[in-house]
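Below, each chain spelled out in residue letters.
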Amino acid sequence: MTTAPVLDRPTDAASAPRRLRPYRSSLTRGQGRSGWLFLAPFGLFYIAFLLGPTVWMIVTSFFNTSTVRTGLGSFAGFANYAEMLGRDDFWSSLWHTLQFTLYTTPPLVILAFVFAVLTNRMNKGQWFFRLAFFLPFILPSATISLIWVFIFTPSTGLFASIQSVLGMTPGAGVLASPNTAMIGVALATVWWTLGFNFVLYLAGLQEIPRELYEAAAVDGASNWQQIKSITLPLLGRTTTLVILLQIIASLKIFDQVYLMTNGGPGISTQVSLQLITGVGFTDNRLGAASAASVLLFIVIVAIAVVRQLVERAAAKREIGA
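Position numbers for residues count from 1 along each chain, tracking the sequence in the order it is written. A pLDDT threshold of at least 70 governs which residues receive local features in this predicted model, and a stricter bar of 80 or more applies before side-chain atom pairs are shown or counted, although totals over entire chains, interfaces and linings include all residues. Computation of side-chain values: all heavy atoms of the structure, hydrogens and water removed.

**Quick word on the overall build of the protein**
And then number 1: Under the scheme used here, helices are H or I runs from DSSP no shorter than 4 residues and strands are E runs no shorter than 2 residues, and both carry numbers assigned from the N terminus. Each helix and strand in the protein was counted, giving 13 helices and zero strands.
And then number 2: Overall, the protein shows an N-to-C arrangement of helices and strands of α-α-α-α-α-α-α-α-α-α-α-α-α.
And then number 3: Residues classed as buried in the protein amount to 34% of the 321 residues present.
And then number 4: Computed with a 1.4 Å probe, the accessible areas rest on the Shrake-Rupley method; for each residue, only the protein chains presented here act as cover. Working note: accessible area of the protein is about 20000 Å², and carbon and sulfur atoms make up 69% of it. Only protein chains enter the accessibility calculation, which uses a 1.4 Å probe; a residue is then buried when its area is under 20% of its type maximum, exposed when over 50%, and partly exposed in between.

What follows is the structure, given as C-alpha coordinates:
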(Lines give C-alpha, C1' and ligand atoms only; values in the text may rest on other atoms or scores of the structure.)
Protein backbone atom coordinates (compact mmCIF):
# COMPACT_ATOMS: atom_id res chain seq x y z
CA MET A 1 0.00 0.00 0.00
CA THR A 2 1.48 3.27 -1.05
CA THR A 3 0.99 6.56 0.73
CA ALA A 4 0.00 9.73 -1.05
CA PRO A 5 2.75 12.22 -1.58
CA VAL A 6 2.78 15.16 0.81
CA LEU A 7 2.27 18.46 -0.95
CA ASP A 8 4.38 21.44 0.06
CA ARG A 9 1.98 24.10 -1.16
CA PRO A 10 0.17 24.70 2.13
CA THR A 11 3.52 24.98 3.86
CA ASP A 12 4.72 27.43 1.25
CA ALA A 13 1.50 29.42 1.45
CA ALA A 14 1.73 29.56 5.20
CA SER A 15 5.33 30.62 5.11
CA ALA A 16 4.75 33.29 2.46
CA PRO A 17 3.55 35.91 4.90
CA ARG A 18 6.55 35.15 7.08
CA ARG A 19 8.87 35.94 4.21
CA LEU A 20 7.03 39.23 3.70
CA ARG A 21 7.22 40.24 7.35
CA PRO A 22 10.73 41.73 7.24
CA TYR A 23 9.76 43.87 4.24
CA ARG A 24 6.53 44.98 5.87
CA SER A 25 8.16 45.76 9.21
CA SER A 26 10.89 47.77 7.50
CA LEU A 27 8.23 49.61 5.52
CA THR A 28 6.35 50.35 8.73
CA ARG A 29 9.51 51.61 10.42
CA GLY A 30 10.18 53.84 7.41
CA GLN A 31 6.67 55.27 7.55
CA GLY A 32 7.04 55.85 11.27
CA ARG A 33 10.26 57.80 10.78
CA SER A 34 8.62 59.89 8.08
CA GLY A 35 5.66 60.60 10.35
CA TRP A 36 7.94 61.76 13.18
CA LEU A 37 9.84 63.98 10.75
CA PHE A 38 6.60 65.64 9.68
CA LEU A 39 5.56 66.11 13.32
CA ALA A 40 8.96 67.42 14.41
CA PRO A 41 8.42 71.12 13.42
CA PHE A 42 5.08 71.29 15.21
CA GLY A 43 6.55 69.45 18.20
CA LEU A 44 9.40 71.94 18.49
CA PHE A 45 7.04 74.92 18.32
CA TYR A 46 4.70 73.22 20.81
CA ILE A 47 7.51 72.71 23.31
CA ALA A 48 9.08 76.12 22.74
CA PHE A 49 5.96 78.30 22.76
CA LEU A 50 3.33 76.36 24.74
CA LEU A 51 4.65 73.58 26.95
CA GLY A 52 7.87 75.37 27.92
CA PRO A 53 6.21 78.68 28.93
CA THR A 54 3.53 76.75 30.84
CA VAL A 55 6.14 74.92 32.91
CA TRP A 56 8.05 78.19 33.43
CA MET A 57 4.81 79.89 34.57
CA ILE A 58 4.19 77.21 37.18
CA VAL A 59 7.78 77.38 38.43
CA THR A 60 7.93 81.18 38.68
CA SER A 61 4.61 81.28 40.55
CA PHE A 62 6.51 79.98 43.60
CA PHE A 63 9.24 82.66 43.39
CA ASN A 64 9.45 86.45 43.61
CA THR A 65 10.44 86.70 39.96
CA SER A 66 10.62 90.20 38.51
CA THR A 67 11.22 91.79 35.13
CA VAL A 68 13.83 94.12 36.60
CA ARG A 69 15.99 91.33 38.05
CA THR A 70 17.61 88.30 36.47
CA GLY A 71 16.92 84.80 37.68
CA LEU A 72 13.98 83.41 39.59
CA GLY A 73 14.43 85.57 42.66
CA SER A 74 13.78 84.50 46.23
CA PHE A 75 11.53 81.56 47.02
CA ALA A 76 8.01 82.66 47.93
CA GLY A 77 6.19 79.36 48.33
CA PHE A 78 2.44 79.89 48.20
CA ALA A 79 2.68 83.57 49.15
CA ASN A 80 1.88 84.72 45.61
CA TYR A 81 -1.21 82.51 45.52
CA ALA A 82 -2.34 83.76 48.93
CA GLU A 83 -1.89 87.36 47.80
CA MET A 84 -3.91 86.86 44.63
CA LEU A 85 -6.70 85.05 46.45
CA GLY A 86 -6.81 87.89 48.99
CA ARG A 87 -7.03 90.71 46.44
CA ASP A 88 -10.45 92.14 45.67
CA ASP A 89 -9.47 93.14 42.15
CA PHE A 90 -8.50 89.53 41.38
CA TRP A 91 -11.96 88.28 42.26
CA SER A 92 -13.67 91.15 40.45
CA SER A 93 -11.61 90.50 37.30
CA LEU A 94 -12.47 86.81 37.52
CA TRP A 95 -16.16 87.68 37.83
CA HIS A 96 -15.95 90.02 34.82
CA THR A 97 -14.35 87.17 32.84
CA LEU A 98 -17.17 84.79 33.79
CA GLN A 99 -19.70 87.54 33.07
CA PHE A 100 -18.29 88.01 29.59
CA THR A 101 -18.43 84.23 29.07
CA LEU A 102 -22.10 84.14 30.08
CA TYR A 103 -22.88 87.05 27.73
CA THR A 104 -21.16 85.58 24.67
CA THR A 105 -21.36 81.78 24.78
CA PRO A 106 -25.16 81.25 24.44
CA PRO A 107 -25.68 83.66 21.50
CA LEU A 108 -22.52 82.48 19.71
CA VAL A 109 -23.73 78.87 19.89
CA ILE A 110 -27.43 79.42 19.20
CA LEU A 111 -27.06 82.04 16.44
CA ALA A 112 -24.32 80.04 14.71
CA PHE A 113 -26.57 76.98 14.69
CA VAL A 114 -29.62 78.87 13.40
CA PHE A 115 -27.73 80.64 10.61
CA ALA A 116 -25.97 77.42 9.62
CA VAL A 117 -29.30 75.56 9.35
CA LEU A 118 -30.81 78.33 7.24
CA THR A 119 -27.75 78.50 4.98
CA ASN A 120 -27.62 74.73 4.57
CA ARG A 121 -31.20 74.71 3.28
CA MET A 122 -30.29 77.05 0.43
CA ASN A 123 -29.59 75.43 -2.91
CA LYS A 124 -27.77 78.45 -4.34
CA GLY A 125 -25.64 81.21 -2.95
CA GLN A 126 -24.18 79.36 0.05
CA TRP A 127 -20.72 80.73 -0.78
CA PHE A 128 -21.96 84.28 -0.23
CA PHE A 129 -23.24 83.57 3.28
CA ARG A 130 -20.10 81.64 4.16
CA LEU A 131 -18.05 84.65 3.12
CA ALA A 132 -20.35 87.15 4.83
CA PHE A 133 -20.30 85.33 8.17
CA PHE A 134 -16.65 84.30 8.18
CA LEU A 135 -15.13 87.53 6.83
CA PRO A 136 -15.24 89.46 10.14
CA PHE A 137 -13.47 86.57 11.89
CA ILE A 138 -10.31 87.02 9.83
CA LEU A 139 -10.05 90.72 10.71
CA PRO A 140 -7.60 91.64 13.51
CA SER A 141 -8.95 92.53 16.92
CA ALA A 142 -7.67 96.13 16.59
CA THR A 143 -9.83 96.67 13.50
CA ILE A 144 -12.90 95.18 15.16
CA SER A 145 -12.37 97.31 18.25
CA LEU A 146 -12.05 100.53 16.24
CA ILE A 147 -15.23 99.72 14.31
CA TRP A 148 -17.28 99.16 17.44
CA VAL A 149 -15.78 102.09 19.34
CA PHE A 150 -16.96 104.25 16.44
CA ILE A 151 -20.42 102.61 16.56
CA PHE A 152 -20.72 103.29 20.31
CA THR A 153 -19.30 106.83 20.17
CA PRO A 154 -21.67 109.18 22.05
CA SER A 155 -23.68 111.69 19.98
CA THR A 156 -21.95 110.92 16.64
CA GLY A 157 -21.78 107.12 16.58
CA LEU A 158 -24.06 104.80 14.63
CA PHE A 159 -25.82 103.61 17.80
CA ALA A 160 -26.53 107.22 18.86
CA SER A 161 -27.88 107.97 15.38
CA ILE A 162 -30.25 105.01 15.58
CA GLN A 163 -31.42 106.20 19.00
CA SER A 164 -32.12 109.66 17.56
CA VAL A 165 -34.10 108.22 14.65
CA LEU A 166 -36.21 106.18 17.09
CA GLY A 167 -36.90 109.31 19.16
CA MET A 168 -34.62 108.29 22.05
CA THR A 169 -32.14 110.62 23.71
CA PRO A 170 -28.55 109.38 23.22
CA GLY A 171 -26.82 108.96 26.54
CA ALA A 172 -23.16 109.07 27.49
CA GLY A 173 -22.48 105.97 25.41
CA VAL A 174 -22.60 102.23 25.89
CA LEU A 175 -18.91 101.94 26.75
CA ALA A 176 -19.03 104.86 29.19
CA SER A 177 -21.40 103.22 31.67
CA PRO A 178 -20.28 100.48 34.07
CA ASN A 179 -23.66 98.78 33.59
CA THR A 180 -23.45 98.50 29.80
CA ALA A 181 -19.75 98.52 28.94
CA MET A 182 -19.35 94.73 29.15
CA ILE A 183 -22.50 94.27 27.06
CA GLY A 184 -20.97 96.48 24.36
CA VAL A 185 -17.77 94.41 24.35
CA ALA A 186 -19.86 91.23 24.20
CA LEU A 187 -21.85 92.52 21.20
CA ALA A 188 -18.65 93.31 19.34
CA THR A 189 -17.28 89.85 20.12
CA VAL A 190 -20.44 88.07 18.95
CA TRP A 191 -20.35 89.92 15.63
CA TRP A 192 -16.64 89.25 15.26
CA THR A 193 -16.42 85.53 16.11
CA LEU A 194 -19.81 84.21 15.01
CA GLY A 195 -18.40 83.03 11.69
CA PHE A 196 -16.08 80.43 13.24
CA ASN A 197 -18.89 78.53 14.98
CA PHE A 198 -21.05 79.03 11.89
CA VAL A 199 -18.49 77.24 9.70
CA LEU A 200 -18.18 74.36 12.21
CA TYR A 201 -21.94 73.86 12.28
CA LEU A 202 -22.24 74.14 8.50
CA ALA A 203 -19.55 71.49 8.03
CA GLY A 204 -21.40 69.20 10.42
CA LEU A 205 -24.73 69.78 8.66
CA GLN A 206 -23.29 68.87 5.29
CA GLU A 207 -22.22 65.49 6.68
CA ILE A 208 -25.86 64.58 7.41
CA PRO A 209 -27.37 62.62 4.47
CA ARG A 210 -30.13 64.45 2.63
CA GLU A 211 -32.06 61.19 2.40
CA LEU A 212 -32.90 61.39 6.10
CA TYR A 213 -34.66 64.72 5.64
CA GLU A 214 -36.43 63.51 2.50
CA ALA A 215 -37.69 60.41 4.29
CA ALA A 216 -38.88 62.50 7.24
CA ALA A 217 -40.67 64.90 4.88
CA VAL A 218 -42.43 61.98 3.18
CA ASP A 219 -43.59 60.78 6.61
CA GLY A 220 -45.09 64.21 7.24
CA ALA A 221 -42.48 65.64 9.62
CA SER A 222 -42.38 69.44 9.82
CA ASN A 223 -39.19 71.46 9.60
CA TRP A 224 -39.02 71.81 13.37
CA GLN A 225 -39.57 68.07 13.84
CA GLN A 226 -36.77 67.36 11.36
CA ILE A 227 -34.43 69.67 13.25
CA LYS A 228 -35.42 68.18 16.61
CA SER A 229 -35.25 64.51 15.57
CA ILE A 230 -32.46 64.54 12.98
CA THR A 231 -30.32 67.67 13.08
CA LEU A 232 -29.85 68.16 16.81
CA PRO A 233 -29.01 64.50 17.65
CA LEU A 234 -26.58 64.11 14.75
CA LEU A 235 -24.88 67.41 15.58
CA GLY A 236 -24.40 66.47 19.22
CA ARG A 237 -20.62 66.08 18.96
CA THR A 238 -20.30 69.29 16.94
CA THR A 239 -22.33 71.18 19.55
CA THR A 240 -20.15 69.81 22.35
CA LEU A 241 -17.03 70.91 20.50
CA VAL A 242 -18.44 74.38 19.75
CA ILE A 243 -19.54 74.98 23.35
CA LEU A 244 -16.22 73.82 24.79
CA LEU A 245 -14.13 75.90 22.38
CA GLN A 246 -16.33 78.93 22.94
CA ILE A 247 -16.14 78.74 26.73
CA ILE A 248 -12.35 78.46 26.63
CA ALA A 249 -12.05 81.32 24.13
CA SER A 250 -14.34 83.57 26.19
CA LEU A 251 -12.43 82.88 29.39
CA LYS A 252 -9.26 84.06 27.64
CA ILE A 253 -10.74 87.44 26.67
CA PHE A 254 -8.25 90.29 26.55
CA ASP A 255 -7.92 92.12 23.22
CA GLN A 256 -11.39 93.61 22.91
CA VAL A 257 -11.56 94.78 26.51
CA TYR A 258 -8.09 96.30 26.42
CA LEU A 259 -8.72 98.15 23.15
CA MET A 260 -12.34 99.20 23.68
CA THR A 261 -12.53 100.08 27.38
CA ASN A 262 -9.06 99.43 28.87
CA GLY A 263 -10.86 97.82 31.78
CA GLY A 264 -13.03 100.85 32.44
CA PRO A 265 -15.01 102.69 33.46
CA GLY A 266 -12.95 102.23 36.60
CA ILE A 267 -12.35 98.48 36.73
CA SER A 268 -15.89 97.51 35.72
CA THR A 269 -14.65 95.57 32.67
CA GLN A 270 -11.20 94.54 33.86
CA VAL A 271 -10.79 90.84 33.07
CA SER A 272 -8.33 88.31 34.44
CA LEU A 273 -5.77 88.53 31.64
CA GLN A 274 -5.70 92.31 31.92
CA LEU A 275 -5.03 92.06 35.65
CA ILE A 276 -2.29 89.50 34.99
CA THR A 277 -0.71 91.76 32.38
CA GLY A 278 -0.78 94.73 34.74
CA VAL A 279 0.76 92.81 37.63
CA GLY A 280 3.43 91.25 35.44
CA PHE A 281 4.50 94.10 33.20
CA THR A 282 3.35 97.26 35.00
CA ASP A 283 4.18 96.22 38.54
CA ASN A 284 7.10 94.08 37.24
CA ARG A 285 6.03 91.14 39.43
CA LEU A 286 6.18 88.08 37.20
CA GLY A 287 5.89 85.68 40.13
CA ALA A 288 2.56 87.11 41.29
CA ALA A 289 1.32 87.32 37.70
CA SER A 290 2.26 83.67 37.16
CA ALA A 291 0.30 82.69 40.27
CA ALA A 292 -2.76 84.52 38.94
CA SER A 293 -2.27 82.78 35.58
CA VAL A 294 -2.15 79.38 37.24
CA LEU A 295 -5.37 80.14 39.13
CA LEU A 296 -7.08 81.19 35.90
CA PHE A 297 -5.76 78.03 34.23
CA ILE A 298 -7.28 75.93 37.02
CA VAL A 299 -10.63 77.68 36.56
CA ILE A 300 -10.59 77.03 32.80
CA VAL A 301 -9.70 73.36 33.25
CA ALA A 302 -12.35 72.94 35.96
CA ILE A 303 -15.10 74.48 33.80
CA ALA A 304 -14.07 72.36 30.81
CA VAL A 305 -14.09 69.18 32.93
CA VAL A 306 -17.48 70.00 34.46
CA ARG A 307 -18.88 70.70 31.00
CA GLN A 308 -17.65 67.32 29.74
CA LEU A 309 -19.02 65.48 32.79
CA VAL A 310 -22.44 67.09 32.36
CA GLU A 311 -22.43 66.17 28.67
CA ARG A 312 -21.52 62.55 29.41
CA ALA A 313 -24.19 62.29 32.11
CA ALA A 314 -26.81 63.64 29.70
CA ALA A 315 -25.69 61.16 27.02
CA LYS A 316 -25.95 58.26 29.48
CA ARG A 317 -29.46 59.32 30.49
CA GLU A 318 -30.52 59.40 26.85
CA ILE A 319 -29.07 55.93 26.25
CA GLY A 320 -30.77 54.61 29.38
CA ALA A 321 -34.09 56.13 28.33
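**A short note on the nonpolar core**
And then number 1: Formed by 39 residues in total, the largest nonpolar core has its most connected members in Met84, Tyr201 and Leu205.
And then number 2: Broken down by secondary-structure element, the contributors of at least two residues to this core are α2 (79–86), α3 (88–120), α7 (181–205), α8 (210–218), α9 (223–234), α10 (236–251), α12 (272–282) and α13 (286–320).
And then number 3: Any pair of residues with heavy atoms lying within 4.5 Å of one another is described as a contacting pair. Those residues within four positions of leucine 205 in sequence are excluded, and the remaining contacts are Ala116, Val117, Asn120, Tyr213, Thr231 and Leu235.
And then number 4: We call a set of buried residues a nonpolar core when its members are Ala, Val, Leu, Ile, Met, Phe, Trp, Tyr or Cys and they connect through side-chain atoms within 4.5 Å of each other. One finds Ile144, Ile151, Phe152 and Val185 within the second-largest nonpolar core, a separate group that totals 16 residues.

**A few points about the pattern of salt bridges**
And then number 1: Each reported salt bridge corresponds to a side-chain nitrogen of Lys or Arg within 4 Å of a carboxyl oxygen of Asp or Glu. Taken as a whole, this structure holds three salt bridges when the rule is applied.
And then number 2: Measuring nitrogen to oxygen at the nearest pair gives 2.6 Å for the salt bridge that ties glutamate 83 to arginine 285. Here the residue glutamate 83 occupies a position in helix α2, and arginine 285 occupies one in the loop between α12 and α13, the gap between them amounting to 202 residues.
And then number 3: Between aspartate 89 and arginine 87 there is a salt bridge whose closest N-O contact spans 2.7 Å.

**Some remarks on a nonpolar patch on the surface**
And then number 1: Note on patches: the residues involved have over 30% relative accessible area and no salt bridge, like charges join within 9 Å, and the nonpolar side chains Val, Leu, Ile, Met, Phe, Trp and Tyr join within 5 Å. The grouping of Phe42, Tyr46, Ile47, Leu50, Leu51, Val55 and Val59 at the surface amounts to a nonpolar patch, some 650 Å² of accessible area in total.
And then number 2: Along the polypeptide, leucine 50 turns up in helix α1 (residues 9–60).
And then number 3: Exposure remark for leucine 50: the relative accessible area of 44% places this residue in the partly exposed category.

**Details of the packing of α3 against α10**
Axis angle and axis distance: for two packed helices, these are the angle between their axes and the distance between the axes, and together they describe the pair.
And then number 1: The axes are straight lines fitted to the C-alpha atoms, using for helices just the contacting stretch, and the angles between their N-to-C directions are given from 0 to 180°. Taken N-terminus to C-terminus, the directions of α3 and α10 make an angle of 145°; their axes are 9 Å apart at the nearest point. Of the two elements, α3 crosses α10, and the hand of that crossing is right-handed. On α10, the residues touching Thr97, Leu98, Phe100, Thr101, Thr104, Thr105, Leu108 and Val109 of α3 are Val242, Ile243, Gln246, Ile247, Ser250 and Leu251.
And then number 2: Residues were grouped as follows: Ala, Val, Leu, Ile, Met, Phe, Trp, Tyr, Cys and Pro as nonpolar; Asp, Glu, Lys and Arg as charged; and all remaining residues, including Gly, as polar. Each residue belonging to the contact of α3 with α10 can be placed in one class, and the counts come to eight nonpolar, six polar and no charged. Two helices cross in a left-handed way if the nearer one is turned anticlockwise from the farther one by less than a right angle. They cross in a right-handed way if the turn is clockwise.

**Regarding the confidence of the model for the protein**
And then number 1: Predictor confidence is given residue by residue as pLDDT, running from a minimum of 0 to a maximum of 100. With 90% of its residues at a pLDDT of 70 or more, the protein shows a mean pLDDT of 86.
And then number 2: Low pLDDT, under 50, characterises residues 1–20; the predicted model gives this stretch one contact beyond four residues in sequence or across chains.

**Structural notes on α2**
And then number 1: Regarding α2, the residues found buried are Asn80, Tyr81 and Met84. Down the axis, α2 shows its buried residues gathered within 100° of arc, on one side only. It is the directions from the helix axis to the C-beta atoms whose arc is reported.

**A few points about unusual backbone geometry**
And then number 1: Omega for the peptide link from glycine 264 to proline 265 comes to -5°, which places this bond in the cis form.
And then number 2: Structurally, the position occupied by proline 265 is in the loop between α11 (255–260) and α12.
And then number 3: Phi is positive for asparagine 262, which is not a glycine, with a value near 55°.
And then number 4: Looking at the secondary structure, you find asparagine 262 in the loop between α11 and α12.

**Concerning the packing of aromatic side chains**
And then number 1: Note on ring pairs: Phe, Tyr and Trp rings are taken, using the six-membered ring of Trp, and paired if centres are within 6.5 Å. Classes follow the plane angle, with under 30 degrees stacked, over 60 edge-to-face and the rest tilted. Scanning all chains against the criterion turns up 18 aromatic pairs.
And then number 2: Ring centres 5.3 Å apart and planes at 85° place the aromatic pair phenylalanine 62 and phenylalanine 78 in the edge-to-face group. Highlighted residues: phenylalanine 62 in the loop between α1 and α2 and phenylalanine 78 in the loop between α1 and α2, separated in sequence by 16 residues.
And then number 3: Relative accessible area serves as the criterion here: at 22%, phenylalanine 62 is assigned to the partly exposed category.

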